[in-house]
Amino acid sequence: MALDPNSRRQFLAFLAGSPLLAAAGIDREWLTSLGATARPDALLQAADTVATAGHPVLQPPRITRAADALDVFDFEGVAQQNIPVAHWGYLMTGTDDDGTIAANRAGFDRWTLKPRRLVDVSRIDASMAIFGQRYPTPIIVNPLGSQKAFHKDGELATAKAARARDHLMVLSTVATTSIEDVIAARGGPVWFQLYHQTDWSITKQMVKRVERAGAPAIAFTVDLLGGSNRETMIREARRDTRDCTKCHLGGAPLPGVSGRVDDRDNRRKPNLVGYEKLPPQLEKGTPTWEFVDRLKQSTSMKVLLKGIVTGEDAALAVEHGVDGLFVSNHGGRAENSRRATIVSLPEVVQGTAGRIPVICDGGFRRGTDVFKAMALGATGVGIGRPYIWGLGAFGQEGVEAVLAILRKEFELTMKQSGTTTLSQISARHITAA
Ligand SMILES: Cc1cc2nc3c(=O)[nH]c(=O)nc-3n(C[C@H](O)[C@H](O)[C@H](O)COP(=O)(O)O)c2cc1C
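## Examining the overall build of the protein chain
Move 1: Of regular secondary structure, the protein chain possesses 17 helices and 12 strands.
Move 2: Looking at the protein chain as a whole, 57% of its 433 residues are labelled buried.
Move 3: For the protein chain, the share of sequence-separated contacts (at least 6 apart) that also reach a separation of at least 24 residues comes to 70%.
Move 4: As displayed, the protein chain has an accessible area near 18500 Å², and 51% of this comes from carbon and sulfur atoms.

Okay, here's the thing in structure tokens:
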């Protein structure tokens with residue numbers, strides 16, 4: 001392993017910033033101090049220790065063109081170099097010790113593939129139909145806030161990539177681009193993810209606005225209603241020497257703030273502004289199933305819940321007329337449950353009794369992950385951080401490349417498993433490890 005001192009330092013900085021260090025049993029400060037001295041022997045030792053943790057995410061960054069990427073991890077290091085450290089912390093954080101991020105990944109290892117042979121797989125159809133719309137792939141571009149924090153083109157680049165590759169895209173309430181502009185860039189409808197506002201009259205106006213803009217579905221996120229403890233985000237922000245108050249009220253993230261630096265700061269959140277000041281209708285407490293009923297009654301759009309992880313809540317959702325679910329723990333950013341979403345998926349599917357579509361997200365990095373979710377009954381899968389690595393590394397081109405890689409890997413897994421359509425992928429194609 002011949003590294004020049006500069007790339008050694010970059011590699012160490014990269015390692016030091018990774019939330020996976022804890023999983024590998026490596027002390028962050030020790031690594032940072034190595035970066036200052038860059039002693040090759042200690043470096044090699046660090047690299048070996050990390051390599052034995054067996055996670056490809058810890059490879060040194062090296063691609064210079066999106067086209068050179070072999071897998072989605074190839075974008076991560078490049079993105080980290082380009083993205084300011086506080087924003088990187090926002091992207092990569094989980095909660096507490098980030099254990100649920102690791103659990104989401106580890107969950108996929110609970111199942112192995114059982115490929116069938118001698119099926120004609122020269123032609124396959126990986127298309128997903130949902131709410132009367134067909135997409136060539138079940139891989140969904142999940143809602144992820146503040147994308148201009150990762151690349152100047154933000155959600156517009158993501159929407160153009162979703163258009164180029166014809167993926168379903170879901171836009172976040174706290175996006176840095178408006179729903180109207182994103183639908184124009186996507187050249188077709190996108191779904192909207194809803195964070196409710198404490199004033200129902202604003203929530204209602206927001207729902208009407210996205211309906212008018214042409215969104216056919218709204219996904220109400222229910223996994224952050226009690227708040228979340230994001231330590232990595234705060235630690236990384238403390239390493240950022242820029243003046244955060246230029247863009248953020250309050251200046252820096254605070255303990256107990258779930259992602260937005262300051263919830264009152266809407267300067268860069270066009271979906272949160274422009275509403276009439278009507279007499280406030282303040283929520284009493286945090287949302288319950290009553291809120292879901294109200295939401296359903298207030299719109300003709302399909303209403304999904306994002307963040308359901310139990311069969312009980314899945315059954316309740318069906319009872320309340322919900323149109324679809326996202327099995328999600330917010331990419332390990334909600335409670336530190338240490339329960340993978342892929343592990344929650346079967347009971348959620350069972351809870352719905354197949355009556356509504358179920359999308360699963362959290363830790364999807366490989367086509368085989370997508371295949372396992374489809375085998376466990378998912379209608380589609382959502383990806384978050386990987387496409388942002390692509391965005392941060394190479395803008396729209398990077399997002400497109402990430403989507404292309406995941407699709408290629410998934411379609412290869414379909415073929416190798418002897419399945420030519422999504423409906424053929426069944427529990428018989430996997431087995432418990
Ligand atoms: C930086 C970041 C911002 C996110 N913003 C939102 C959001 O605004 N609304 C939402 O419902 N989910 C949000 N999510 C969760 C994602 O939609 C998705 O559930 C998660 O990223 C999937 O896990 P993955 O990143 O491991 O693929 C965010 C996730 C990240 C990492």
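Now that the structure is up, let's keep going.
## Looking at the side chain of Asp199
Move 1: Position of Asp199 relative to the elements: it lies in the loop between strand S6 (191-194) and helix H10 (200-213).
Move 2: Lacking a salt bridge, the buried Asp199 has Lys204 as its closest oppositely charged neighbour, with an N-O distance of 8.1 Å.
Move 3: A polar contact is formed between the side chain of Asp199 and the backbone nitrogen of Gln281, at a distance of 2.9 Å.

## Quick notes on the site of the ligand
Move 1: With respect to spatial proximity, 24 residues lie near the ligand, and among them Pro143, Ser172, Thr221, Asp361 and Arg365 are the closest.
Move 2: Gln193 has a polar side-chain atom sitting 3.2 Å from a nitrogen atom of the ligand.
Move 3: Secondary-structure elements contributing two or more residues to the shell around the ligand are helix H6 (85-92) and helix H16 (385-394).
Move 4: Taken together, the residues that form the shell around the ligand break down as eight nonpolar, 11 polar and five charged.

## Concerning the packing of H6 against H16
Move 1: Contact geometry of H6 with H16 gives a least axis separation of 11 Å together with a crossing angle of 160 degrees. One element, H6, and the other, H16, form an angle in the roughly antiparallel class. Packed against H6, whose contacting residues are Trp88, Leu91 and Met92, the element H16 presents Arg385, Ile388 and Trp389 at the interface.
Move 2: Here the residues of the contact of H6 with H16 sort into five nonpolar, no polar and one charged.

## Some remarks on the pairing of strand S7 (residues 217-221)
Move 1: Where burial is concerned, most of S7 is hidden: five out of the five residues are buried.
Move 2: Side-chain alternation along S7 places Ala217, Ala219 and Thr221 on one buried face and Ile218 and Phe220 on a second face that is also buried.
Move 3: Sheet analysis places S6 next to S7, joined by three bridges and oriented parallel. Paired with Phe192 across the two strands is Ile218, which belongs to S7.
Move 4: Crossover connection from S6 via H10 to parallel S7: handedness right-handed.
Move 5: In the sheet, S7 pairs with strand S8 (residues 302-308) via five bridges, with the strands oriented parallel. Among the inter-strand pairings, Phe220 is bridged to a residue of S8, identified as Leu305.

## A few points about the packing of helix H8 (residues 154-165) against helix H9 (residues 179-186)
If you want to describe how two helices pack, look at the angle between their axes and the distance between the axes.
Move 1: Their axes nearest at 7 Å, the elements H8 and H9 cross at an angle of 35 degrees. Viewed along their axes, H8 and H9 form a crossing whose handedness is right-handed. Contacts between H8 and H9 involve Glu155, Leu156, Ala159, Lys160, Ala162 and Arg163 on the former and, on the latter, Asp181, Val182, Ala184, Ala185 and Arg186.
Move 2: Tallied by class, the residues present in the contact of H8 with H9 amount to six nonpolar, no polar and five charged.

## Here's the deal with the environment of Thr431
Move 1: Looking at where Thr431 falls in the secondary structure, it is placed in strand S12 (residues 430-432).
Move 2: For the pair Thr431 and Arg110, spaced 321 residues apart in sequence, the C-alpha to C-alpha distance is 8.4 Å.

## A closer look at unusual backbone geometry
Leaving glycine aside, a negative phi is the common case for residues, and trans is the common case for peptide bonds.
Move 1: Unusually for a residue other than glycine, Leu118 sits at a positive phi of about 60 degrees.
Move 2: In this structure, Ala353 takes a positive phi of about 50 degrees despite not being glycine.
Move 3: Relative to the helices and strands, Ala353 is located in the loop between helix H14 (341-352) and strand S10 (358-361).
Move 4: Its relative accessible area of 53% is what places Ala353 among the exposed residues.

## Description of the pattern of salt bridges
Move 1: All told, the structure shown has 16 salt bridges when counted by the stated rule.
Move 2: The shortest N-O distance in the salt bridge between Asp68 and Arg65 comes to 2.7 Å.
Move 3: The exposure class of Asp68 is partly exposed, given its relative accessible area of 32%.
Move 4: A salt bridge links Arg239 to Glu236, with the shortest nitrogen-to-oxygen separation between them at 2.9 Å.

About the criteria used
- Residues numbered from 1 in each chain as written.
- Predicted model: local features only at pLDDT ≥ 70, side-chain atom pairs only at ≥ 80, totals over all residues.
- Heavy atoms only, no water.
- Helix = DSSP H or I, 4+ residues; strand = E, 2+ residues; numbered from the N terminus.
- Buried < 20%, exposed > 50% of the residue type's maximum accessible area, 1.4 Å probe, protein only.
- Contact = heavy atoms within 4.5 Å.
- Areas by Shrake-Rupley, 256 points an atom, 1.4 Å probe, with all protein chains shown as cover.
- Lys, Arg positive; Asp, Glu negative; His and termini not counted.
- Salt bridge = Lys/Arg side-chain N within 4 Å of Asp/Glu carboxyl O.
- Polar contact = N/O pair within 3.5 Å; in protein donor to acceptor, adjacent residues only side chain to side chain.
- Near = heavy atom within 4 Å.
- Nonpolar A, V, L, I, M, F, W, Y, C, P; charged D, E, K, R; others polar.
- Axes fitted to C-alpha atoms, helices over the stretch in contact; angles between N-to-C directions.
- Parallel < 35°, antiparallel > 145°, perpendicular 65-115°, else oblique.
- Pairing = 2+ DSSP bridges.
- Right-handed = clockwise from strand over helix to strand, strands pointing away.
- Left-handed = near helix turned anticlockwise from the far one by under 90°.

Read these as spatial facts, not as claims about activity.
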